[in-house]
Amino acid sequence: MKATCQVCCRHRTVMASKRICLACSLGVTHPCPLCGGVVSGSGQAPCQPCSHRRRAKRQIAAEAATIPHPWLAELFTGFCTSGRIPLEAGIATDRIARAAAACRCIAITVTNPTDLTTEALHAALGAEALRRVAPLIAYMAAVGPLEWDRARLQTLIERDRVAAILHAHRDSRHAPLLHRYRDHLAIRDRKPITQRTALTAAVALLAALGEAPIAELSQRHLTSTLRKRPGHRASLHGFLSFLASQGGPSLTIAKLRQDPVAQEKRLRADIRRWRKRLENPRTATEARALLAVLIARIYGLPLQRVLALRCDEVEATHRCITLWPDDDALVLGQPLARAFLRWIAWSSTWRASEGPWVFPGRHRHQPLSETAIAYHLSEKGKDPLRER
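1. Quick look at the sheet that holds strand β7 (residues 330-331)
Spatially, β5-β6-β7 is the arrangement adopted by the three strands of the open sheet, whose pairing is antiparallel. Of all strands in the sheet, those with a lone pairing partner are β5 (314-316) and β7, marking the two edges. Here β5 runs beside strand β6 (residues 321-323); their pairing, made up of three bridges, is antiparallel. Counted as the bridge partner of E315 is T322 from β6.

Structure follows, in structure tokens:
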């Protein structure tokens, strides 16, 4: 019978018991005509990596021909052949097709290289498609005309999320109230991420009220909402003030009683646990997450500032680590400095030139996010980055 041989991966007559062709069963080999490597079976076919690479190059040429602008097709070809896609692997086919599809979408609205901006890419692809072609965007920013602004992209994404919240509740009885609240936040120059979190909290409270008039909103609805979603406490303060200013019910949120001693004990316990995990991390990404959160918690720094640390903002010697030496210099103490030096010794971040970040994300063109940090440090569903 004929089937795919398990050794040479060719469709031939095989032995029914082992699914191996006659040539492979006899140990016959031949040299790869492209790389000279040893290939199982007879004939003159290339080895599997060379075969994949040859197929990928044909696909790159075919996809480039479908991109209408020569400068964009050249960027696409340069990206695919720059080593960012492993052409010898089977996954290259999907990644090449994905990058080509993104370039065709970009070509619809961007006709000149000078028009290639963060706003234009977001309008052409959207947040999710940009995430899926992050290596292509990083290449464009590194060698092409694109001046990538990560902060600007985040602002555009948050604006889209605000619009999505309002659109999702457009038929609600409280839709006009939500629009007025959004306008109130915009007039007060609140950032889009603040607007989004505030609207999300407001929607949660209004969901407890249902379709009843806003005048019927009571302390009972507020208590129920906070019990289900305590993280909305801070955002609901602003919404309740807005309701009161609009003639709505005047509700209050009881102030949480915080025990500084208990908070300090929890922080010290978390630091001890993270230090122990850092001695034997499961992955390189987990080690990055542990180092970042330890620096932030021990020295009382915003985690976002630590994650935005660049390689040129670190001075490393054989016994000392200094962060931000040209600004507010911070010298890491032991044993954290020793752990940082040990991580540098085997981390590819310091040997690669693909990105400037000390704590890079998946595709190196942007740093790790706080969400990624929480994911890598969570234990049994518990988030160690909870608000303190």
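Now that the structure has been shown, the text picks up again.
2. Some words on the environment of P176
Relative to the helices and strands, P176 resides in helix α8 (residues 175-187). For the pair formed by P176 and L166, sequence separation is ten residues and the distance between their alpha carbons is 9.5 Å.

3. A look at unusual backbone geometry
In this structure, P335 follows Q334 across a cis peptide bond, with omega equal to 5°. Mapped onto the elements of the fold, P335 is located in the loop between β7 and α15 (336-346). Phi at D189 is positive, roughly 60°, even though this residue is not glycine. Along the chain, D189 falls in the loop between α8 and α9 (192-209). Look at W324: it is not a glycine, yet its phi comes out positive at around 50°. Among the structural elements, W324 can be located in the loop between β6 and β7.

4. Brief notes about the confidence of the model for the protein
Within the protein, residue pLDDT values average 85, and 93% of them lie at 70 or more. In this model, residues 380-388 is a region of pLDDT below 50 whose contacts with residues beyond four sequence positions or in other chains number 21 contacts.

Rules used in this analysis
- Residues numbered from 1 in each chain as written.
- Predicted model: local features only at pLDDT ≥ 70, side-chain atom pairs only at ≥ 80, totals over all residues.
- Heavy atoms only, no water.
- Pairing = 2+ DSSP bridges.
- Helix = DSSP H or I, 4+ residues; strand = E, 2+ residues; numbered from the N terminus.
- pLDDT = per-residue confidence, 0-100.
- Contact = heavy atoms within 4.5 Å.

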